[in-house]
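Below are the chains, spelled out letter by letter.
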Amino acid sequence: MKYRRLGSTELHVSVIGIGTWQFGGEWGREYAQEEADAILDKGQELGINLMDTAECYGDHLSESLIGDYISRRKREDWIIATKFGHHFHERFTRTDAFDAKGVIAQLDASLRALKTDYIDLYQFHSGPDQAFDNDELWTALDKQIEAGKIRFLGTSIGSNDNLHQTDASARVNSRAIQVVYNRLDRMPEERVFPSCERQDLGVLARVPLASGYLSGKYKPGAVFGSTDVRHRHDAENTRLKLLEVERIQREEVPQGVEMASWALAWCLKHPAVTAVIPGCKDPEQVAANARAAGLVTGPHPQDVRL
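Residues numbered from 1 in each chain as written. Predicted model: local features only at pLDDT ≥ 70, side-chain atom pairs only at ≥ 80, totals over all residues. Heavy atoms only, no water.

Trainee: Just checking my understanding: could you explain the nonpolar core for this structure?
Mentor: Note that soluble globular proteins tend to have their nonpolar side chains buried in a common cluster. Residues Trp78, Tyr122 and Leu141 are the most contacted members of the largest nonpolar core, which totals 74 residues. Take this core: its biggest share by element is nine residues, from helix α10 (residues 259–268). Listed in part, the 12 residues of the second largest apolar core include Leu50, Ile79, Leu121 and Leu204. (Core = buried A, V, L, I, M, F, W, Y, C linked by side-chain atoms within 4.5 Å. Buried < 20%, exposed > 50% of the residue type's maximum accessible area, 1.4 Å probe, protein only. Helix = DSSP H or I, 4+ residues; strand = E, 2+ residues; numbered from the N terminus.)

Written as structure tokens, this is what we have:
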């Protein structure tokens, strides 16, 4: 495993993280505690120390599975990133909740679910600019840092070209940007990544496997069940993406290299990217994701040795 400094924070994160949206039950299956444990144990075995979750992956359900796990392990072995701003109602249904008072209530609920006294990275979760520009919100969050409940703040931008929120990071004390970035979606390279580099912001690349399409497992015409968030994607757009994936696999992925590992390593080669946070349905996928670290060669501006 390789490790990088997350922007101007003192957090040294594994370049491969574990995304945990799947624990909330919106990727085609429900997770029992022992299944979540097996995924996280495999991650730790392979040197992964970063996990990313959110208040609305289920109603704090993903956080609760992580919290139960953490309560039986060493908290200091993990860097936990979670998010705020949405209230989960039922599968695929949320409402925004970005007011200062409501966010502090969410923070306390996340701490209870995670069974921890502090969150390493607390991220504004894909909210509108109007909600982001509320000084009362950031003042309240700074007080939570002073109280020791949060170590660092971050911003998970909804649009991967949201320069407004990225450029304002220094003003609101946000130290990291989470953004959709993968071989099929390179938009952040144009404006967001240069802003991150200017401000020394960490970058967490989410959806690095393009919702699994870059895993190489799916062919054009693939159909997803009603409990899988991908069934909501436009069918023709999905077909075209999968045709492009076939071309990439044929022309860009070296012989004998797993496409998923290649796709993660591709993201990590960009000098702005600190880590990728792919989802994983089982320990085998965790292992496949971790193998990507071995494909990343050459120095990176954020490299550290633990």
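And the narrative resumes.
Trainee: I tried to follow the environment of Ala140 on my own but got confused; where do I start?
Mentor: Its place among the elements puts Ala140 in helix α5 (residues 135–146). Remark: the alpha-carbon pair of Ala140 and His270, spanning 130 residues in sequence, is separated by 34 Å. For Ala140, the contacting residues outside a window of four places in its chain are Ala100 and Ile104. (Contact = heavy atoms within 4.5 Å.)

Trainee: For this particular structure, what's the right way to read the packing of aromatic side chains?
Mentor: Aromatic rings in a pair are described by how distant their centres are and how their planes are angled relative to each other. This structure, assessed with the given rule, holds 12 aromatic pairs. Centroid distance Phe23 to Tyr31: 5.3 Å. Interplanar angle 55 degrees. Geometry classified as tilted. Between Phe132 and Trp138, the ring centres sit 5.3 Å apart and the planes meet at 65 degrees, which makes this aromatic pair edge-to-face. Taken together, the aromatic side chains of Phe84, Phe98, Tyr122, Phe124, Phe132 and Trp138 make up a single cluster linked through ring pairs. Note that Arg29 overlies the ring of Tyr31, its terminal NZ or CZ placed 4.3 Å from the centroid. Looking at Arg75, its charged tip hangs above the ring of Tyr118, at a distance of 4.0 Å from the centre. (Phe/Tyr/Trp six-rings, centres within 6.5 Å; stacked < 30°, edge-to-face > 60°. Lys NZ or Arg CZ within 6 Å of the ring centre and 35° of its normal.)

Trainee: Whenever I open this one, the sheet that holds strand β1 (residues 3–5) confuses me. Can you help?
Mentor: Spatial ordering of the open sheet is given by β2-β1-β13, a layout of three strands whose pairing is antiparallel. Of all strands in the sheet, those with a lone pairing partner are β2 (12–14) and β13 (303–304), marking the two edges. Summarising the sheet, β1 and β2 pair through three bridges and their orientation is antiparallel. The residue bridging Arg5 from the neighbouring strand is His12, located in β2. (Pairing = 2+ DSSP bridges.)

Trainee: It is not clear to me how the side chain of Ser169 should be interpreted in this structure. Could you clarify?
Mentor: Note that Ser169 resides in helix α7 (residues 169–172). Exposure remark for Ser169: the relative accessible area of 0% places this residue in the buried category. Once residues within four sequence positions are removed from consideration, Ser169 is found in contact with Ser174, Ile177, Gln199 and Leu201.

Trainee: It is not clear to me how the packing of helix α2 (residues 61–70) against helix α3 (residues 100–114) should be interpreted in this structure. Could you clarify?
Mentor: The description of two packed helices rests on the angle between their axes and on the distance between the axes. It is at 6 Å that the axes of α2 and α3 come closest, and there the two elements cross at 45 degrees. In terms of axis orientation, α2 runs oblique to α3. Side by side, α2 and α3 meet where Glu63, Ser64, Ile66, Gly67 and Ile70 of the first sit next to Ser110, Ala113 and Leu114 of the second. Partitioned by chemical class, the residues of the contact of α2 with α3 number four nonpolar, three polar and one charged. (Axes fitted to C-alpha atoms, helices over the stretch in contact; angles between N-to-C directions. Parallel < 35°, antiparallel > 145°, perpendicular 65-115°, else oblique. Nonpolar A, V, L, I, M, F, W, Y, C, P; charged D, E, K, R; others polar.)

Trainee: Looking at this model, I keep getting lost on the sheet that holds strand β8 (residues 119–125). Mind explaining?
Mentor: Strand pairing in a sheet relies on backbone hydrogen bonds, with the paired strands running either antiparallel or parallel. The strand order across the open sheet built from eight strands is β3-β4-β5-β8-β9-β10-β11-β12, with neighbouring strands paired in parallel fashion. What marks the edges here is a single partner per strand, and that holds for β3 (18–19) and β12 (275–276). Where strand β5 (residues 79–84) lies against β8, four bridges are found, and the strand directions are parallel. When the bridges of β8 are listed, Thr82 appears paired with Tyr122. With respect to the sheet, α3 is in contact with β5, β8 and β9 (150–156), its orientation differing from that of β8 by roughly 135 degrees.

Honestly, that's just the spatial picture; any functional story needs more than this.
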